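# Summary of the model geometry
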Amino acid sequence: MMRLLVAMMLLMVSAVIAAEDKMTLKALSALEKQSEPLPLSLEFSQKKQLSGLPRPLVSAGQLDIRKDEIVWTTEQPQQQQLTINRQGIFEQGNEDSVSGSDTIAQLLLAILQQDEAVLKQQFRLSLEQNCVVMVPEADALASVIEKIHSCGIDSVELVELFEQNGNTTRIELSKR
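Considered as a void within the structure, the largest pocket measures approximately 700 Å³ in volume. If you go around the largest pocket, you meet 26 residues; those closest to its centre are Gln46, Trp72, Ile104, Leu108 and Leu161. When residues of the lining of the largest pocket are traced back to their parent elements, those giving at least two are β1 (40-49), β3 (69-76), β4 (80-85), α2 (102-112), β8 (145-151), β9 (158-163) and β10 (168-175). The element best represented in the lining of the largest pocket is α2, accounting for 5 residues. Here the residues of the lining of the largest pocket sort into 18 nonpolar, 6 polar and 2 charged. Volume-wise, the second largest pocket comes out at about 190 Å³. Forming the boundary of the second largest pocket are 13 residues, of which Thr103, Ile104, Leu107, Gln122 and Leu141 lie nearest the centre. For the lining of the second largest pocket, the secondary structure elements donating two or more residues are α2, α3 (116-122) and α4 (139-142). By residue number, the principal contributor to the lining of the second largest pocket is α2, which donates 4 residues. When its residues are assigned to classes, the lining of the second largest pocket shows 8 nonpolar, 4 polar and 1 charged.

Shown next as structure tokens:
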């Protein structure tokens, strides 16, 4: 009887793993369809809803995505330029990266450049309609980020970040 129970449990676990692998493959396929050749220039509109504030913070500007870096230029409500690379996030004219920004920078690069290897390593991937859902695997990241959506059919049109503290960021992207 105990052997039968153990065998049934193993079958159930292997079925769940197989289903997760199939969902991951579907999500990776969707990411591949969303990816575009680099370099890529986009316009963005961002709304960040902070818990406790009645209205979202709104900004807009341009993204230039290259193989090794992203130049994030905010034009509204004020001018600011950030360079994001594997070493961190750098403000224009500053040689020092924003403290602790290297991990976030690497994730932003992976998401915006559609780096499947990094995304598969860092996140549990699934598919909901036209959105790839990324749920962090590592505890340190999962303590801050609940999930990330990368949405679009032939390109990334929307990135949504859901934080554990209730804050959300919605970035709409369009080609220049």
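Relative to the elements of secondary structure, valine 118 occurs in helix α3. Between the alpha carbons of valine 118 and leucine 107 there is a distance of 8.0 Å; along the sequence they are 11 residues apart.

Under the criterion given, the structure shown has 1 aromatic pair. Judged by centre distance (4.8 Å) and plane angle (45°), the ring pair of phenylalanine 44 and tryptophan 72 falls under tilted. Of this pair, phenylalanine 44 sits in strand β1 while tryptophan 72 sits in strand β3, and the two are 28 residues apart along the sequence. Across the pair, exposure class does not vary: phenylalanine 44 and tryptophan 72 are buried alike. The side chain of lysine 147 reaches across the aromatic face of phenylalanine 162, ending 5.1 Å from its centre.

Turning to the sheet that holds β4, a few remarks are in order. For sheets, the rule is that strands pair by backbone hydrogen bonds, running either parallel or antiparallel. Read from one edge to the other, the open sheet built from 10 strands follows the order β5-β4-β3-β2-β1-β10-β9-β8-β7-β6, with strand pairing classed as antiparallel. Edge positions in the open sheet fall to β5 (88-91) and β6 (123-128), since each of these has one partner strand only. The mean angle between the axes of side-by-side strands here comes to 20°, regardless of whether they run parallel or antiparallel. The sheet contact formed by β4 and β5 spans 4 bridges and is antiparallel. Paired with isoleucine 84 across the bridge in β5 is isoleucine 89.

The omega angle of the peptide bond from glutamine 76 to proline 77 is 5°, so this bond is cis rather than trans. Of note in the backbone geometry, glutamine 129 takes a positive phi value of approximately 55° without being a glycine. Summarising the element assignment, glutamine 129 is placed in the loop between β6 and β7 (131-136).

A few words on the environment of serine 45. Looking at where serine 45 falls in the secondary structure, it is placed in strand β1. Residue classification places serine 45 among the partly exposed positions, given a relative accessible area of 29%. For the pair formed by serine 45 and alanine 60, sequence separation is 15 residues and the distance between their alpha carbons is 4.4 Å. Setting aside its immediate chain neighbours within four residues, serine 45 contacts Ser59, Ala60, Arg170, Ile171 and Glu172.

Cut-offs applied
Residues numbered from 1 in each chain as written. Predicted model: local features only at pLDDT ≥ 70, side-chain atom pairs only at ≥ 80, totals over all residues. Heavy atoms only, no water. 1 Å grid on protein atoms, 1.4 Å probe; cavity = no way out; pocket = protein on both sides within 12 Å on 5 of 7 lines; lining within 4 Å. Points joined across faces, edges and corners; volume = space filled by probe spheres on them. Helix = DSSP H or I, 4+ residues; strand = E, 2+ residues; numbered from the N terminus. Nonpolar A, V, L, I, M, F, W, Y, C, P; charged D, E, K, R; others polar. Phe/Tyr/Trp six-rings, centres within 6.5 Å; stacked < 30°, edge-to-face > 60°. Buried < 20%, exposed > 50% of the residue type's maximum accessible area, 1.4 Å probe, protein only. Lys NZ or Arg CZ within 6 Å of the ring centre and 35° of its normal. Pairing = 2+ DSSP bridges. Axes fitted to C-alpha atoms, helices over the stretch in contact; angles between N-to-C directions. Contact = heavy atoms within 4.5 Å.

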